[in-house]
Amino acid sequence: MSLEKTAARPDPPPRSRAGKGRLSATILIDGLPATPDDLAHQALVNYGAYTSFRVEDGAARGLDLHLARLEQAAVELFGESPGEAEFRRLMALGVAGRDACWLRVSLFSPDIAHRDPSYVGRPKVMTSVSPAPPPLATLVRLTAMPYERETPHLKHLATFGLIRARRAARAAGFGDALFVDGEGRVTEGTLWNIGFVQGDRIVWPQAPMLAGVTQALITRGLPQIGLTSETRPIRLDEIGAFDGAFLCNSATPVCPITAIDDVAFANDPVLLAKVEAAWSAQAPQPIADRDDDDGVSRLGR
């Protein structure tokens, strides 16, 4: 046996775990490449809000609603908004040179931390651009869970409860979780809104929840295809009276719900195709089509 020392071999690189949950994104903060400090703050301080949507040829469906969502969150969480013109400028920088992509726009402030959360002022804007994700599903079976999101009218960064509920539903053999509040009312899903079908009418739940952009676009387009809509409280124990149900979000315009626990739905594919047509009839709005307000927040007027 040779006792001669051999050169130490370097450790092999860690094996890639690329998969469904792995992110591949180009990130800018206020239009500049993200710094390690800014990213560390995002990882360690869970305070902020965001919106996300598909961009095609520099335009997005419901852009006006996404902009309004950002402005409302900026004023409510930070006390000041960068303004619509600045949001548009930073979005346009983020998606420049791309024909189609997914854009996430997040608001945060490195001046807000656990020990000192008192900062009031304009937040930083992070744009994250990645390939557009596929729809959540083509069919889904849900289980109802008691859960109420904190500050539900905002699309904020506190996603622990959503992910935990989705994991629990999957572990129990379901596709996803539907939330029910303390009064037994249907509210929303983990990543989506729910709509019910009753004849030629779409019925949306009325409860503390996030007002979905895709939900609003569908509602805008329903009269064009001969359908109507209604928003009212829906108790979990009355969902069996509906003809069908579907979920919707920015990545999934319409996905039929086959059942919620023991309540099955015989969805009409023709009618659900009309609901999706109501969404697709809403034209994409250009991101950089005008100079608007010189950066003044419409909510701050």
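Residues numbered from 1 in each chain as written. Predicted model: local features only at pLDDT ≥ 70, side-chain atom pairs only at ≥ 80, totals over all residues. Heavy atoms only, no water.

(A) Representation of the overall build of the chain in the model. Looking only at helices and strands, one finds six helices and 16 strands in the chain. Burial statistics for the chain: of 301 residues in total, 45% are counted as buried. Taking all contacts inside the chain whose residues are at least 6 apart in sequence as the whole, residues at least 24 apart take part in 73%. When the accessible area of the chain is evaluated, it comes to approximately 16200 Å², of which 53% is carbon and sulfur surface. (Helix = DSSP H or I, 4+ residues; strand = E, 2+ residues; numbered from the N terminus. Buried < 20%, exposed > 50% of the residue type's maximum accessible area, 1.4 Å probe, protein only. Contact = heavy atoms within 4.5 Å. Areas by Shrake-Rupley, 256 points an atom, 1.4 Å probe, with all protein chains shown as cover.)

(B) Structural detail: the pairing of strand 8 (residues 176-180). By the criterion of burial, strand 8 is predominantly enclosed, with five of the five residues buried. Covered by surrounding structure in strand 8 are Asp176, Leu178 and Val180 together with Ala177 and Phe179, the residues of both alternating faces. Two elements, strand 7 (residues 140-146) and strand 8, share five bridges in a ladder whose sense is parallel. Along strand 8, the bridge assignment pairs Thr143 with Ala177. (Pairing = 2+ DSSP bridges.)

(C) View of the packing of aromatic side chains. In this structure the tally under the stated criterion is five aromatic pairs. Judged by centre distance (4.7 Å) and plane angle (25°), the ring pair of Phe196 and Phe242 falls under stacked. Here Phe196, found in strand 10 (residues 193-198), pairs with Phe242, found in the loop between strand 12 (228-232) and strand 13 (244-249); they are 46 residues apart in sequence, far enough to count as distant. Here Phe196 falls in the buried class, since its relative accessible area comes to 0%. Judged by its relative accessible area of 6%, Phe242 is buried. Clustering of aromatic rings is evident, with ring pairs tying together Phe196, Phe242 and Phe265. (Phe/Tyr/Trp six-rings, centres within 6.5 Å; stacked < 30°, edge-to-face > 60°.)

(D) Fine view of the pattern of salt bridges. Taken as a whole and assessed by the stated rule, the structure comprises 13 salt bridges. Of the charged contacts in the structure, one is a salt bridge between Arg149 and Glu188, with a shortest N-O distance of 2.9 Å. Within this pair, whereas Arg149 is found in the loop between strand 7 and helix 4 (160-171), its partner Glu188 is found in strand 9 (residues 186-189), the two being separated by 39 residues in sequence. Look at Arg149 and you get buried, because its relative accessible area is 11%. (Salt bridge = Lys/Arg side-chain N within 4 Å of Asp/Glu carboxyl O.)

(E) Seen up close, the side chain of Thr143. With respect to the helices and strands, the residue Thr143 is situated in strand 7. Looking at Thr143, the relative accessible area reads 11%, which means it is buried. Separated by 2.7 Å, the side chains of Thr143 and Asp261 make a polar contact. (Polar contact = N/O pair within 3.5 Å; in protein donor to acceptor, adjacent residues only side chain to side chain.)

(F) Local environment of unusual backbone geometry. The backbone phi angle of Asp30 is positive, close to 50°, even though this residue is not glycine. Looking at the element boundaries, Asp30 is found in the loop between strand 1 (26-29) and strand 2 (32-33). Among the residues examined, Asp30 registers a relative accessible area of 26% and is labelled partly exposed. In the Ramachandran plot, Asp57 falls in the positive-phi region, its phi being about 50° despite a non-glycine side chain. A residue is classified by how much of its surface remains accessible, and Asp57, at 66% relative accessible area, is exposed.

(G) Up close: helix 5 (residues 213-221). Listed in full, the buried residues belonging to helix 5 are Val213, Thr214, Gln215, Leu217, Ile218 and Gly221. If you follow the buried residues of helix 5, they end up packed against helix 2 (63-78), strand 10, strand 11 (201-205), strand 13, strand 14 (252-260) and helix 6 (269-280).

(H) Up close: helix 2. The first and last C-alpha atoms of helix 2 sit 22 Å apart over 16 residues, in line with the 22 Å expected at 1.5 Å per residue. Buried within helix 2 are the following residues: Leu63, His66, Leu67, Arg69, Leu70, Glu71, Ala73, Ala74, Leu77 and Phe78. Immediately downstream of helix 2, the backbone of Gly79 shows phi near 95°, a positive value. (Expected span 1.5 Å × (residues − 1).)

(I) Structural view of the nonpolar core. Counting 24 residues, the largest nonpolar core has Phe53, Val55, Phe87, Met91, Val95, Leu103 and Leu107 as the members making the most contacts within it. Here Leu103 is in contact with Thr51, Ser52, Phe53, Val55, Met91, Val95, Thr127, Ser128 and Val129, once residues within four sequence places are set aside. (Core = buried A, V, L, I, M, F, W, Y, C linked by side-chain atoms within 4.5 Å.)

(J) Summary view of the environment of Pro286. The residue Pro286 is located in strand 16 (residues 285-286) in this model. Residue classification places Pro286 among the partly exposed residues on the basis of a relative accessible area of 39%. Residues within four places of Pro286 in sequence aside, it is in contact with Gly58, Ala59, Leu63 and Arg88.

(K) Expanded view of the packing of helix 5 against helix 6. For the pair helix 5 and helix 6, interaxial distance at closest approach is 7 Å and the crossing angle is 100°. With respect to helix 6, the element helix 5 is oriented roughly perpendicular. Mapping the contact onto sequence places Thr214, Leu217, Ile218 and Gly221 in helix 5 and Val275, Ala278 and Trp279 in helix 6. A class-by-class count of the residues in the contact of helix 5 with helix 6 yields five nonpolar, two polar and no charged. (Axes fitted to C-alpha atoms, helices over the stretch in contact; angles between N-to-C directions. Parallel < 35°, antiparallel > 145°, perpendicular 65-115°, else oblique. Nonpolar A, V, L, I, M, F, W, Y, C, P; charged D, E, K, R; others polar.)

Remember that the coordinates give geometry; whether it matters functionally is a separate question.
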